[in-house]
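# Coordinate analysis (summary)
Here are the chains, one letter per residue:
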Amino acid sequence: MFHKKQKTKEVYHYGLTTGLGIGLALGAVAGALVTKWYNDNKVLSADDILEQVKSDFLQDGPIEGSWIHFKKEPLDKFAIKTDVYTGGISRIEEGQLVQYEFTADAHTGSIIDIHKIEN
């Protein structure tokens, strides 16, 4: 009888350990998948993107003004399919006000396009 009771405890112990191991493994896999999904689908705020662009422009000198559209728009250009924000920066260059317009990826903040607006 003692042998049977001890064997039952061993089976219970191994079953509990196996179940715990499977649960931890499934939790880790689920956590990794949710993290990947979140990183693929997160959208940066327009303010954060504008601050980054301003910071980049400030490395070359002062800026006079800046703006950004707070509504993101879809971009489908060649192989690029994403959401973007558009905005602009103005600065004085050689005594003249010069304006730049940019397009930034709403998910990564990367500048996709930037060009000088000719008067």
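Our structure's up above, just so we're on the same page.
Residues numbered from 1 in each chain as written. Predicted model: local features only at pLDDT ≥ 70, side-chain atom pairs only at ≥ 80, totals over all residues. Heavy atoms only, no water.

The relation between two aromatic rings is expressed through the spacing of the ring centres and the mutual angle of the planes. Applying the stated criterion across every chain yields a total of one aromatic pair. Look at Phe 57 and Tyr 100: their rings are 5.3 Å apart centre to centre, the planes differ by 55°, and that puts the pair in the tilted class. Linking Phe 57 in helix α2 (residues 46–58) with Tyr 100 in strand β4 (residues 96–105), this pair joins segments that are 43 residues apart in sequence. Across the pair, Tyr 100 and Phe 57 agree in class, each one buried. (Phe/Tyr/Trp six-rings, centres within 6.5 Å; stacked < 30°, edge-to-face > 60°. Helix = DSSP H or I, 4+ residues; strand = E, 2+ residues; numbered from the N terminus. Buried < 20%, exposed > 50% of the residue type's maximum accessible area, 1.4 Å probe, protein only.)

Once that is clear, we can look at the pairing of strand β3 (residues 80–93). Across a regular strand the side chains alternate sides, sitting on one face of the sheet and then on the other. In this structure, strand β1 (residues 65–68) lies alongside β3, joined through four bridges in antiparallel fashion. Bridging across to β3, Trp 67 finds its partner in Gly 88. Note that strand β2 (residues 73–77) and β3 share five bridges and pair antiparallel. The partner of Asp 76 across the bridge, within β3, is Lys 81. In terms of strand pairing, β3 meets β4 through 10 bridges, oriented antiparallel. (Pairing = 2+ DSSP bridges.)

Turning next to the pattern of salt bridges. In this structure the tally under the stated criterion is three salt bridges. Glu 51 is paired through a salt bridge with Lys 54; the nearest N and O atoms lie 3.5 Å apart. Taken together, the residues Glu 51 and Lys 54, both in helix α2 and three residues apart, mark about one turn of the helix. According to the relative accessible area criterion, Glu 51 is partly exposed, its value standing at 47%. We classify Lys 54 as partly exposed; its relative accessible area is 21%. The partner of Lys 81 in a salt bridge is Asp 76, with the nearest N and O atoms 3.3 Å apart. Overall, the relative accessible area of 61% leaves Lys 81 in the exposed class. Overall, the relative accessible area of 57% leaves Asp 76 in the exposed class. (Salt bridge = Lys/Arg side-chain N within 4 Å of Asp/Glu carboxyl O.)

All right, on to unusual backbone geometry then. In terms of backbone geometry, most residues other than glycine have negative phi values and most peptide bonds are trans. Look at Phe 78: it is not a glycine, yet its phi comes out positive at around 55°. Here Phe 78 lies in the loop between β2 and β3. You can call Phe 78 exposed: its relative accessible area is 79%. Of note, the phi angle at Glu 94 is positive, near 50°, even though the residue is not glycine.

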